[in-house]
Amino acid sequence: GMESCRPRYYTPKEVSVHNRPGDLWVSYLGRVYDLTPLAAANKGDLLMKPILEAAGKDISHWFNPKTKDIQTHIDPLTGCLKYYTPQGRFVHIPPPLPRSDWANDFGKPWWRDPKYEVGILSSKTRHIRIINTLTSQEHTLEVCSEENMWEILRRYLPYNAHAASYTWKYERVNLDMEKTLQQNNIPDEDEEFYELNMDADAFTPAILLYFNDDLTEL
């Protein structure tokens, strides 16, 4: 059914709306993080500036993908290995030279702390049209290619609170709600049309919803 313990997938667009100090998300290395509590705990700290400037964006380039830690370089002044932060030093990055007033008792640095993680960044989003055959209403949704049909249904609920009372079909075949669009043989034609320089929207696959009339099921 709908309630599964799978992590949530997010589109880059969904992450990008969380772009304020009081609602601050970033993505890096394929995951999505809510840094709002970090911003609240470090309110007014200059070291928040690079993070505030990155709000809603992907910051994978801050990291070494192998170590999953912040990029490092040899500091030309000291000859020591140091974190490399061309965007400006930020929260939990030690100062270039040892200082007595820098508190290093924060435990895990924020980028190593799983408590901020809210889900997975979709590696490929795609568009589908959902047509309610009862009302003829049509909506185009951007969804994550990794999502199964229940998860897509959840994205559609704001437009139709009764979406679960419908049978979902593509080209007259009932969809398996536990499977993804791809597993339901709904092609992702974006790339093809992109290459042909055609309007992909005109070819967005349409899923048809048929209302389950309880009386006919008796």
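Residues numbered from 1 in each chain as written. Predicted model: local features only at pLDDT ≥ 70, side-chain atom pairs only at ≥ 80, totals over all residues. Heavy atoms only, no water.

Quick word on the overall build of the chain
In terms of helices and strands, the chain carries five helices and 14 strands. Taken over the C-alpha trace, the chain has a radius of gyration of 23 Å; the compact-globule value for 218 residues is 17 Å, which it surpasses by more than 25%. Across its three principal directions, the C-alpha atoms of the chain cover 75 × 40 × 25 Å. Burial statistics for the chain: of 218 residues in total, 38% are counted as buried. Once local pairs closer than 6 in sequence are excluded, the contacts in the chain between residues at least 24 apart make up 57%. (Helix = DSSP H or I, 4+ residues; strand = E, 2+ residues; numbered from the N terminus. Rg over C-alpha atoms; globule rule 2.2 N^0.38 Å. Buried < 20%, exposed > 50% of the residue type's maximum accessible area, 1.4 Å probe, protein only. Contact = heavy atoms within 4.5 Å.)

Overview of the UniProt feature "domain: Cytochrome b5 heme-binding" (unreviewed entry) in the chain
UniProt records the feature "domain: Cytochrome b5 heme-binding" (unreviewed entry) for residues 7-73 in the present numbering. For residues 7-73, the helix share is 24%, the strand share is 31%, and the end-to-end C-alpha distance is 34 Å. (UniProt positions renumbered as here; feature names shortened; annotations may be inferred.)

Topic: the sheet that holds strand β14 (residues 206-211)
The strand order across the open sheet formed by five strands is β11-β10-β14-β12-β13, and the pairing between neighbours is mixed. Each edge of the open sheet carries a strand with a single partner, namely β11 (138-144) and β13 (173-174). Both strand β12 (residues 166-170) and β13 contribute to a ladder of two bridges, which runs antiparallel. Among the inter-strand pairings, Tyr 170 is bridged to a residue of β13, identified as Val 173. Sitting on the sheet, helix α4 (residues 149-156) is in contact with β10 (125-132), β11, β12 and β14, with an inclination near 130° to β11. (Pairing = 2+ DSSP bridges. Axes fitted to C-alpha atoms, helices over the stretch in contact; angles between N-to-C directions.)

Points about the pattern of salt bridges
A full pass over the atoms with the stated rule returns twelve salt bridges. Arg 6 is the salt-bridge partner of Glu 151, the closest N and O atoms lying 2.9 Å from each other. Within this pair, whereas Glu 151 is found in helix α4, its partner Arg 6 is found in the segment before β1 (8-10), the two being separated by 145 residues in sequence. For Arg 6, a relative accessible area of 37% translates into the label partly exposed. Its salt-bridge partner being Glu 117, residue Arg 31 comes within 2.9 Å of it at the nearest N-O pair. Of this pair, Arg 31 sits in strand β4 (residues 31-34) while Glu 117 sits in strand β9 (residues 117-121), and the two are 86 residues apart along the sequence. The class for Arg 31 is partly exposed, based on a relative accessible area of 34%. The exposure class assigned to Glu 117 is partly exposed, which follows from its relative accessible area of 32%. Because the salt bridges share partners, they merge into one network encompassing Glu 14, Glu 147 and Arg 155. (Salt bridge = Lys/Arg side-chain N within 4 Å of Asp/Glu carboxyl O.)

A word on the environment of Thr 204
Structurally, Thr 204 can be placed in the loop between α5 (190-196) and β14. Given a relative accessible area of 8%, Thr 204 falls into the buried group. Residues Thr 204 and Pro 114, 90 residues apart in the sequence, show an inter-C-alpha distance of 37 Å. Excluding residues within four positions of it along the chain, Thr 204 makes contact with His 127, Ile 128 and Arg 129.

Remarks on the nonpolar core
Across soluble globular proteins, nonpolar side chains have a tendency to be buried as a group. Core analysis: the largest hydrophobic core is formed by 22 residues, its most contacted members being Leu 35, Ile 51 and Trp 110. Counting only elements with at least two residues in this core, the list comes to β3 (23-28) and α2 (36-41). With three residues, the top contributor of residues to this core is β3. Contact partners of Ile 51, with chain neighbours within four places excluded, come to Leu 24, Leu 35, Leu 38, Trp 62, Phe 90, Val 91 and Trp 110. (Core = buried A, V, L, I, M, F, W, Y, C linked by side-chain atoms within 4.5 Å.)

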